[in-house]
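Architecture and fold: a report
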Amino acid sequence: MIKRVNFQYTEDITVVNREQFEVHIRLYDGYVNKINEIDGILQNKPGREEANATFSFYRECKRGETFALNGVILHELYFENLGGGGGMNTPNPSVTEQIEMDFGSYALWKEDFVATAKASRGWAILIYDQRSYRLRNISLDSHDLGNIAYSAPILVLDVYEHAYFLQYADKKTEYINRFMEDINWEVVGQRMGIY
Ligand SMILES: [Fe+2]
């Protein structure tokens, strides 16, 4: 059984207002409920004999499993790395050093991350590629579409319309720009510190 994380809106979160945040939390709760529902179904080993890649019940379960669990994980990482409003909205030296090594400068990384977010339908993620020991900005069009195997998400930005439309309507760029000023770099540093 996967338990939901009880995220609270705080004054440090400046990229979205409380209403936008709480609507988004309800969507996150939906993914937690769905992965638990799917896990419950899979425990009963339904239709394994008839599993088929064109269409089968087992296929739907497995597709739903990846989508729902990634939906849970990516939302948790996103909510956790919000809230740089408390004055910690600059990366720590070890993160800065890695960014400069892999992107040339912080400004060049930011330019690429913002462009990646604008180009994405689902998520923009700064990942640490454990195969090549380097950072990379990646674009996901869906929870289960575009993930890089053997990589670790360091900074996660939700660019699904549900993440900003209530507050920003079609002003996606404004949402992205305000996110860039609201990154909790302390959390990002902790994630990076593992590698
Ligand atoms: Fe979302």
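Scroll up for the structure.
Just so we're clear, the structure is a prediction, and the values are computed from it rather than from any experiment.

Moving on, we come to the side chain of Thr116. Topologically, Thr116 is positioned in helix H4 (residues 106–119). Classification of Thr116 as buried rests on a relative accessible area of 10%. Excluding anything up to four places from it in sequence, Thr116 contacts Ala124, Asn137, Ile138 and Ser139.

A word on the packing of aromatic side chains. Going through the model one piece at a time under the given rule, you end up with 17 aromatic pairs. An angle of 55 degrees between the planes, with centres 5.3 Å apart, marks the rings of Tyr78 and Phe79 as tilted. The buried category is assigned to Tyr78, whose relative accessible area is 1%. What makes Phe79 buried here is its relative accessible area of 5%.

Bringing the coordination of the iron ion into the picture now. Note on the iron ion: its protein donors are His24 (NE2), His75 (NE2), Asp158 (OD) and His162 (NE2). The metal-donor distances range over 1.9 to 2.1 Å. Given four donor atoms and angles of 90 to 133 degrees at the metal, the environment of the iron ion is assigned as tetrahedral. Here the donor residues for the iron ion map to a single chain with the spacing H-x50-H-x82-D-x3-H. Here His24, found in helix H1 (residues 18–43), pairs with Asp158, found in strand S3 (residues 151–158); they are 134 residues apart in sequence, far enough to count as distant. Both residues of the pair, His24 and Asp158, count as buried.

What counts and how
Residues numbered from 1 in each chain as written. Predicted model: local features only at pLDDT ≥ 70, side-chain atom pairs only at ≥ 80, totals over all residues. Heavy atoms only, no water. Helix = DSSP H or I, 4+ residues; strand = E, 2+ residues; numbered from the N terminus. Buried < 20%, exposed > 50% of the residue type's maximum accessible area, 1.4 Å probe, protein only. Contact = heavy atoms within 4.5 Å. Phe/Tyr/Trp six-rings, centres within 6.5 Å; stacked < 30°, edge-to-face > 60°. Donors = N, O, S within 2.8 Å, 3.2 Å for Na, K, Ca; no water. Tetrahedral: all angles 85-135°; square planar, octahedral: opposite > 155°, others 65-115°.

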